[in-house]
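This is what each chain is made of:
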Amino acid sequence: MSAPGPIRRATPGTTEPAVARYALIAIALLFLALFLVLPLVVIFYEALAKGFKAYLEVLRSPELGTAVRTTLICVGIAVPLNVVFGLAAAWCITKFRFPGRSVLVTLIELPFSVSPVIAGLALVLIFGAEGWGGSWFVDHAPVIFSMPGMVLATVFITFPFVARELIPLMEAQGTEEEQAARVLGAGGWQTFFRVTLPNVKWALLYGVLLCTARALGEFGAVAVVAGGQVGQATLPLYVEQLYHERTNPQPALAAASLLAFTGIITLLAKTWLGRERGKVEKLTPDGDPARAP
Amino acid sequence: MTTEPGRPAQDGRVASAALSAVRPRRARVIPGFGLTLGYTMTYLGIVVMIPIAAVFLKASTLTWPQFWSAVSSPRAISAYKVSFGCSLAAALINAVFGLIVAWVIVRYRFWGRSVVDALIDLPFALPTAVAGIALYALYLPEGWLGRILPPGIKVFATPLGVTVALTFIGLPFVVRMVEPVLRDLPADVEEAAASLGARRWHTLRMVILPELWPALLAGFALAFARGLGEFGSVIFISRQRPMETEIIPDIIREQVASHYIGARNLAEATAIAVVMLVVSFVLLLALNLLQRRLGRRTVRV
């Protein structure tokens, strides 16, 4: 570690003594090593603990293949739906003023404050055996224990991600450019695709990334809806099934390592996107809205 | 929607003319209001509002004694204690260490700083079940950390284990709330304090900390709220032991599972879910008020 120094001017009295600086850095790094780095390292270490062959055996199993497919279907439906919604919501909220606007913004963030397990329960209350159509859904259009339920659960959980990235940015950008485009004769869709979309490109990608990461990893809501049925599992659910079935944690960790890998990619992409975004976006002074999914 | 943006005051009354003069004029040349608002409301209604309403509707079919006995069963009470206690403990740990981490990232330069900065978001990027199974492997009695823990301290299958998982999940909330406020803090205030003879510790406590307080509180509340609903990262390390390490989402999931095999109805799970939803909504409201205040504070720079 090179000598730590303050970023700002080292006027005496506006920085801490060197001892305190080193101590604080040491505390921070130790805490992060213990809580963030160690869990990440242990996944890959334990996944490979029984050798590379045992690792590949888990990855090649047909159950894992099915789980990957199920996960990709959930992501493939939930993310595009929430992208379209995010764009529509951001458009009406930021380009127009209407009563109830701020209430709408709050409602969009609602899924963040609902426990995933409760989201799953809500779907069971509608589509389950005690549901709204009696047992009609169970008999004729199964949602619980099947793909539609898992997709709906994923859509609910990842609902706000795109909208919440776009709204603060489009609010700050205002409507001048769109107005200019319209005055110059552009149509509505043309204005959207040629003016608005390029302006929010990075924020949109950022939202898509967060939305995808969460959809890939969603556990609680999908777990309740899938009901532990064999063959009906997303990748995170399959990790749990392996953990319950085997006495040895290696297979579960091997399956988890795939998801951990996507997590690392997400983190890298997020850092890169954040940097690209920072270059082009001029946010309001208080900008940089806290990104806390 | 009567006050469509910038639509000129059609009735010509002075009051509304004055109103439209105060507000930034948004010309009606921008299309798509009806389409996007309609789509937003419909989609929001179907995906979010109907399911949440379903929970409250189901709960409303219970009589008060039924509701009360469901939410106050000994097992539920034990789960509230674990959920609230561990979330609170984890949020407190995160408030302290998250503040230190944010401070170190913003104020000091050291080797690997940008890696550390990126790593903070790991709990957002890593699927919760993966975090859960990783913590399980670490704190197993024969795991890397389980092995070296002093004899008196048990993490595996104890509330301490639940707290460890919730600390992992909540860390980025505190760091990412405090960081921008710390970064935007004007330097001249500190310089003024120093030039007036304040010791560094005094400046930290009397000048900097009061500025950080709302952000720290907001981060704490976010971490706490997230902890209450968290599921995937907790269940492996906690072993879901009833009356010991069971959290509220555990109870709801188990009730739904026994409903699936026809063993019981969903009344009890729904009642407990309503309690949690109400708590979450109150927290959300408090956070919104806090963030409004926070917004004012940070713009001030």
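Residues numbered from 1 in each chain as written. Chains lettered and ligands numbered in written order. Predicted model: local features only at pLDDT ≥ 70, side-chain atom pairs only at ≥ 80, totals over all residues.

Asker: How would you explain the domain arrangement of chain A if you had to name every residue and give the values?
Answerer: Residues and elements named next belong to chain A. According to the domain assignment, chain A contains domain 1 (8-47) and domain 2 (51-280). Distance between the C-alpha centres of domain 1 and domain 2: 32 Å. Between domain 1 and domain 2, the residue contacts involve 5 residues of the former and 8 residues of the latter. A breakdown of the residues in the side of domain 1 that touches domain 2 according to their chemical character gives 4 nonpolar, no polar and 1 charged. (Domains from an automatic or database assignment. Contact = placed C-beta atoms within 7 Å. Nonpolar A, V, L, I, M, F, W, Y, C, P; charged D, E, K, R; others polar.)

Asker: Mind laying out the packing of helix H8 (residues 161-173) of chain A against helix H11 (residues 201-217) of chain A, listing which residues take part and the relevant values?
Answerer: Residues and elements named next belong to chain A. Where H8 meets H11, the axes come as close as 7 Å, and the angle between the chain directions of the two elements is 160°. Comparing the axis directions of H8 and H11 gives the class roughly antiparallel. Classified by chirality, the crossing of H11 by H8 is right-handed. Contact residues: H8 offers Phe161, Val162, Glu165, Leu166 and Leu169, while H11 offers Ala203, Leu204, Tyr206, Gly207, Val208, Leu210, Cys211 and Arg214. The residue inventory of the contact of H8 with H11, partitioned by class, reads 10 nonpolar, 1 polar and 2 charged. (Axes fitted to C-alpha atoms, helices over the stretch in contact; angles between N-to-C directions. Helix = DSSP H or I, 4+ residues; strand = E, 2+ residues; numbered from the N terminus. Parallel < 35°, antiparallel > 145°, perpendicular 65-115°, else oblique. Left-handed = near helix turned anticlockwise from the far one by under 90°.)

Asker: Lay out unusual backbone geometry with the relevant residues and their values.
Answerer: Residue and element names in this part refer to chain B. Even without being glycine, Ala157 reaches a positive phi, approximately 60°. Within the secondary structure, Ala157 sits in the loop between helix H8 (144-148) and helix H9 (159-184). For Met243, which is not glycine, the phi dihedral falls at a positive 65°. Looking at where Met243 falls in the secondary structure, it is placed in the loop between helix H12 (235-238) and helix H13 (248-260). In this structure Met243 comes out as exposed when scored by C-beta crowding, with 12 C-beta atoms within 10 Å. (Buried ≥ 20, exposed ≤ 12 C-beta atoms within 10 Å, placed from the backbone.)

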